[in-house]
Amino acid sequence: GALGSESIFYKDDEGIERVSQTNCDACTVIFAPNVKKSKEIIEQFKAAGVRAAHLDGTMKKERKPILEKLASGDISVVSNVDLVTEGWDLPRLECIIGARPTRSKSLYIQMGGRIRRPDDDARIKFLLDHANWTRMHGFLSEPSVHSLSEPEKRPRKKKNNTGHPLKEC
């Protein structure tokens, strides 16, 4: 397909410009940090005229139909929480949006790997990193360094006098 999209805008009752229709249909999966945020993200896509759906672990009956609609192109965007991280393939997938932070390099590789599958149509693939995956773990295309020596230990989380971990903000 062609790069870029076309959108038709209108002004709502408050004079705010909104999208009423768009042809943006890049097959996209979003990795969201939690259900609430996933639903918020999907509402933003829908408000922009993009056919989108939320998917989480409580939606057992809806899971297969939603993923089939993504595969067929009936919807363009699916935001999920810990569902299509591994063991799921969709060669036509064109975009991953990382909205879920992770310290786990293997989880990052699993999530990002969803767009690294062979694609007969040779689509351009995008990873939109909103969770600093690349800064923390490097690019997906970089070779991993393996060693038989002792791995570096992660620094332990600081604890306060109550014994609970402190979180730096």
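Cut-off values and rules
- Residues numbered from 1 in each chain as written.
- Predicted model: local features only at pLDDT ≥ 70, side-chain atom pairs only at ≥ 80, totals over all residues.
- Heavy atoms only, no water.
- Helix = DSSP H or I, 4+ residues; strand = E, 2+ residues; numbered from the N terminus.
- Buried < 20%, exposed > 50% of the residue type's maximum accessible area, 1.4 Å probe, protein only.
- Contact = heavy atoms within 4.5 Å.
- Areas by Shrake-Rupley, 256 points an atom, 1.4 Å probe, with all protein chains shown as cover.
- Phe/Tyr/Trp six-rings, centres within 6.5 Å; stacked < 30°, edge-to-face > 60°.
- Patch = residues over 30% accessible without salt bridge, like charges linked within 9 Å, V, L, I, M, F, W, Y side chains within 5 Å.
- Salt bridge = Lys/Arg side-chain N within 4 Å of Asp/Glu carboxyl O.
- Core = buried A, V, L, I, M, F, W, Y, C linked by side-chain atoms within 4.5 Å.
- Pairing = 2+ DSSP bridges.
- Axes fitted to C-alpha atoms, helices over the stretch in contact; angles between N-to-C directions.
- Arc of directions from axis to C-beta.

A. Quick look at the overall build of the protein chain. Per the secondary structure count, the protein chain includes four helices and seven strands. Relative to its 169 residues, the protein chain shows a buried fraction of 31%. In the protein chain, the share of contacts with a sequence separation of at least 24, taken over all contacts with a separation of at least 6, comes to 61%. Here the protein chain displays about 12100 Å² of accessible surface, and carbon together with sulfur accounts for 51% of that area.

B. Summary view of the packing of aromatic side chains. Throughout the structure, instances matching the rule amount to two aromatic pairs. Considering the side-chain rings of F31 and W133, the 6.4 Å spacing of their centres and the 55 degrees angle between planes classify their relative orientation as tilted. Of this pair, F31 sits in strand β3 (residues 28-31) while W133 is found in helix α4 (residues 133-137), placing the two residues 102 residues apart along the sequence. Residue W133 is classed as buried on the basis of its relative accessible area, which comes to 0%. Among the aromatic residues, those joined into a ring-pair cluster are F31, Y108 and W133.

C. A nonpolar patch on the surface, seen in detail. Together, I124, F126 and L128 line one region of the surface with nonpolar side chains, adding up to about 260 Å² of accessible area. Its location among the elements puts F126 in strand β7 (residues 126-129). Given the relative accessible area of 40%, F126 is considered partly exposed.

D. The nonpolar core, seen in detail. Core analysis: the biggest nonpolar cluster contains 22 residues, and V29, L70, W88 and L93 have the highest contact counts within it. If you list the elements that add at least two residues to this core, you get β3, β4 (52-55), α2 (60-72) and α3 (105-112). Among the nonpolar cores identified, the runner-up in size contains 10 residues, and A32, V50, C95 and I97 belong to it.

E. Up close: the sheet that holds β3. Pairing is parallel in the open sheet, where five strands are placed in the order β4-β5-β3-β6-β7. Strands at the two margins of the open sheet, each flanked by one partner only, are β4 and β7. This sheet shows a mean twist of 15 degrees between the axes of neighbouring strands, independent of strand direction. Sheet topology note: the strand β6 (residues 95-98)/β7 ladder contains four bridges and is parallel. From the neighbouring strand, I97 faces β7, where its bridge partner is L128.

F. Looking closely at α3. All of the buried residues along α3 are L107, Y108, M111 and G112. All buried residues of α3 fall inside an arc of 125 degrees around its axis, so they share one side. Here the buried face of α3 lies against β3, β6, β7 and α4.

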